[in-house]
Amino acid sequence: DMLVDTAIKDNNGYEVIYPIIYNYRHATELYLKSFVGTLDHTHSLMRLYNKFKELTQEHFRANPSEWFESIVKTLDEFDPEGTAFRYGT
């Protein structure tokens, strides 16, 4: 969020958009892994999310929020392996 705030303030979003997206995606991946484990070292957000959803239903009889599922799906479609925004080229 600090990168986004700085990009907006300095009007230079084009220079930091890749690090911003990469950090959001990576944070989402780490959040899911903290809940479900590593699942054979996968970087697939949908695979992690599906396990997260399964465990949430099993242990809490609840479903994750639709907004969270939408974010995970969008990030996974853009960058299925977590490498698209890692490097500037």
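Here the structure is shown first, and the text comes after it.
A few points on the structure. (Residues numbered from 1 in each chain as written. Predicted model: local features only at pLDDT ≥ 70, side-chain atom pairs only at ≥ 80, totals over all residues. Heavy atoms only, no water.)

This part takes up the side chain of Asn12. Here Asn12 shows up in the loop between α1 (2–10) and α2 (13–36). With near-sequence residues (within four places) excluded, Asn12 lies in contact with Thr6 and Ala7. (Helix = DSSP H or I, 4+ residues; strand = E, 2+ residues; numbered from the N terminus. Contact = heavy atoms within 4.5 Å.)

Moving on, we get to the packing of α2 against helix α4 (residues 66–78). For the pair α2 and α4, the least separation of the axes is 11 Å and the interaxial angle reads 120 degrees. In terms of axis orientation, α2 runs oblique to α4. In the crossing of α2 with α4, the sense of the turn from one axis to the other is left-handed. When α2 is examined against α4, the residues Tyr24, Arg25, Thr28, Tyr31 and Leu32 are found in contact with a partner set consisting of Phe68, Val72 and Leu75. By residue class, the composition of the contact of α2 with α4 is 6 nonpolar, 1 polar and 1 charged. (Axes fitted to C-alpha atoms, helices over the stretch in contact; angles between N-to-C directions. Parallel < 35°, antiparallel > 145°, perpendicular 65-115°, else oblique. Left-handed = near helix turned anticlockwise from the far one by under 90°. Nonpolar A, V, L, I, M, F, W, Y, C, P; charged D, E, K, R; others polar.)

To continue, consider the packing of α1 against α2. Relative to each other, α1 and α2 sit at 165 degrees, their axes nearing to 9 Å. One finds that α1 runs roughly antiparallel with respect to α2. Our pair here, α1 against α2, has a crossing hand that is left-handed. Residue-level inspection shows Leu3, Val4 and Ala7 of α1 in contact with α2, the latter providing Gly13, Val16, Pro19, Ile20, Asn23 and Tyr24. Looking at the contact of α1 with α2 residue by residue, the class counts come to 7 nonpolar, 2 polar and no charged.

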